[in-house]
Amino acid sequence: MPSLIIEPLNTQHFIMDRDDRKRNKNIGKNFMCRLQCMFSHSSSSESRLSLEDTQQWSQSLERLLESKYGLATFRSFLKSEYSDENIEFWLTCEDYKKIKSSFRMSSKAKKIYEQFIKAESPKEINIDYHTREQIKRNVKTPTMHCFDDAQKIVYGLMERDSYPRFLRSDIYRTLLENLAADTAKG
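Sequence order sets the numbering: in each chain, residues are counted from 1 along the sequence as written. Note on the predicted model: pLDDT of at least 70 is required for a residue's local features to be given, and 80 or more for side-chain atom pairs to be given and counted; whole-chain, interface and lining totals, by contrast, use all residues. Derived side-chain values reflect all non-hydrogen atoms in the structure, with water molecules and hydrogen atoms excluded from consideration.

### Thoughts on the overall build of the chain
Rules: Note on conventions: DSSP H or I runs of at least 4 residues are helices, E runs of at least 2 residues are strands, and numbering of each starts at the N terminus. For every residue, the accessible area obtained with a 1.4 Å probe (protein chains only) is divided by the maximum for its type, and the residue is called buried under 20%, exposed over 50%, and partly exposed between those limits. The contact criterion used is simple: two residues touch if any of their non-hydrogen atoms lie within 4.5 Å. Areas reported here follow the Shrake-Rupley algorithm with a probe of radius 1.4 Å; residue values treat only the protein chains shown as occluding.
If you tally the helices and strands in the chain, you get 9 helices and 0 strands. From first element to last, N terminus to C terminus, the chain shows the α and β order α-α-α-α-α-α-α-α-α. Here the chain holds 186 residues, and 37% of them are scored as buried. Long-range contacts, defined as pairs at least 24 residues apart, comprise 62% of the intrachain contacts of the chain with a sequence gap of at least 6. In the structure as shown, the chain presents an accessible area of about 12100 Å², 53% of it carried by carbon and sulfur atoms.

This is the structure we're talking about:
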């Protein structure tokens, strides 16, 4: 009968840590490749993911969302946590504000209400009762600003909760480490 060899706990822990670091490094490299492939329409150096751009994401949520790579990375992070309704709502509102046709605005406002605002909706966002009721009234005669209060609330939630978690996440830290290593190589 074969004997079982039991490694000391600290050795197993070291092996697991080393394996986790390797896995995270590979996740970061794979994620970098996916991001660059998503935006590979242009091969100019300014359209490539850079260490400097990635470091600037930590300055503010606004800076993160202004970057196409930052937005894509943040969305992927939120999807991995099953909490992407806030960013999806915020982006949908940004698109909604660009609508010129009153017919399209009315149609889109109802869809946004059904998808994000209505209680028990598929991607219900966390807003207070007063704001929810105000939007319910606003959607009857929608304007480009009828979701502004909810959008401000959601932005604040992302800024205080999701964004700090993102900055501490393995996805972001590993991405920074890999870009720093690539930059050091030249």
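Having seen the structure, we can now continue with the description.
### Examining unusual backbone geometry
You will see that Tyr 82, though not glycine, has its phi angle at about 55 degrees, which is positive. For Tyr 82, the position within the fold is in the loop between helix 4 (68–80) and helix 5 (85–96). Taking relative accessible area as the criterion, Tyr 82 reaches 74% and is therefore assigned exposed. Of note, Glu 120 is a non-glycine position whose phi angle comes to about 70 degrees, a positive value. Considering the arrangement of structural elements, one finds Glu 120 in the loop between helix 6 (102–117) and helix 7 (129–138).

### Let's talk about the side chain of Ser 162
Along the chain, Ser 162 falls in helix 8 (residues 148–168). Judged by its relative accessible area of 5%, Ser 162 is buried.

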